Amino acid sequence: MVNIIYWSGTGNTEQMAHYIEDGVKAAGEECKVIEVSNATIDDVKNVDKIAFGCPAMGAEELEEGYMRPFMDSVNELLSTKKVAIFGSYEWADGQWIRDWQEELEGFGVKLVDEPLAVYDQPKEDDKEDCEALGKLLANA
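Structure report, in brief.

Rules used in this analysis
Every residue gets a number counted from 1 within its own chain, in the order that chain's sequence is written. Thresholds applied to this predicted model are a pLDDT of at least 70 for local features of residues and 80 or more for the giving and counting of side-chain atom pairs; totals over whole chains, interfaces and linings are not thresholded and use all residues. Water and hydrogen atoms were dropped before computing side-chain values, which therefore reflect all heavy atoms in the structure. Note on conventions: DSSP H or I runs of at least 4 residues are helices, E runs of at least 2 residues are strands, and numbering of each starts at the N terminus. To sort residues, take the accessible area from a 1.4 Å probe on protein chains only and compare it with the maximum for the residue type: under 20% means buried, over 50% means exposed, and anything in between is partly exposed. Working convention for charge: Lys and Arg count positive, Asp and Glu count negative, and His plus the chain ends are omitted. Counted as salt bridges are all cases of a side-chain nitrogen of Lys or Arg within 4 Å of a carboxyl oxygen of Asp or Glu. Pairs of N or O atoms are called polar contacts if they sit within 3.5 Å, as long as, within protein, a hydrogen donor faces a hydrogen acceptor (for residues adjacent in sequence, only side-chain-to-side-chain pairs). Here, two residues are considered to be in contact whenever any of their heavy atoms come within 4.5 Å of each other. Working definition: the arc comes from the directions between the helix axis and the C-beta atoms, pointing outward to the latter.

The next point concerns the side chain of glutamate 60. Examined against the element boundaries, glutamate 60 turns out to sit in the loop between strand 3 (49-53) and helix 3 (67-74). Salt bridges are absent for the buried glutamate 60, whose nearest opposite-charge side chain, arginine 98, sits at 6.2 Å. In this structure the side chain of glutamate 60 is engaged in a polar contact, spanning 2.7 Å, whose partner is the backbone nitrogen of tryptophan 96. With near-sequence residues (within four places) excluded, glutamate 60 lies in contact with Trp91, Ala92, Asp93, Gly94, Gln95, Trp96 and Asp99.

Think of an α-helix as 3.6 residues a turn; residues three or four steps apart then line up on the same face. Along helix 3, the positions that sit buried rather than exposed are Met67, Phe70, Met71 and Val74. Buried residues in helix 3, looked at end-on, bunch into an arc of 95°, giving them a common side. Buried-residue contacts for helix 3 involve strand 1 (2-6), helix 2 (42-45), strand 3 and helix 4 (95-106).

In structure tokens form, the structure reads like this:
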């Protein structure tokens, strides 16, 4: 079972979450997509494979109302999990996702692949990258 927990402002990161879900299911694994305001700590504790998605916000940071508090509550649970992170951005160079990766690595997390950052709305190539990440996570 793979859980995909995300926050999306414009819908771009949500779209990525569903493309990743498609990849997970294509690999034969069950998957649940959960908007972070509906996610619980059990949604992290009860799976071995999990993806988190959040777009760049403010000065290249995670969304502060829901995603940041949720990540703060689960970061210490992730070192034994197979983890992927993803999100979209529309300015700067994607520093937020590199900072996020560094933060997770500080908690002992080894990501299954490089973070997946997509500029603006996911295009066809981005869809393929999302599906590939889903397959990789499912098979991790």
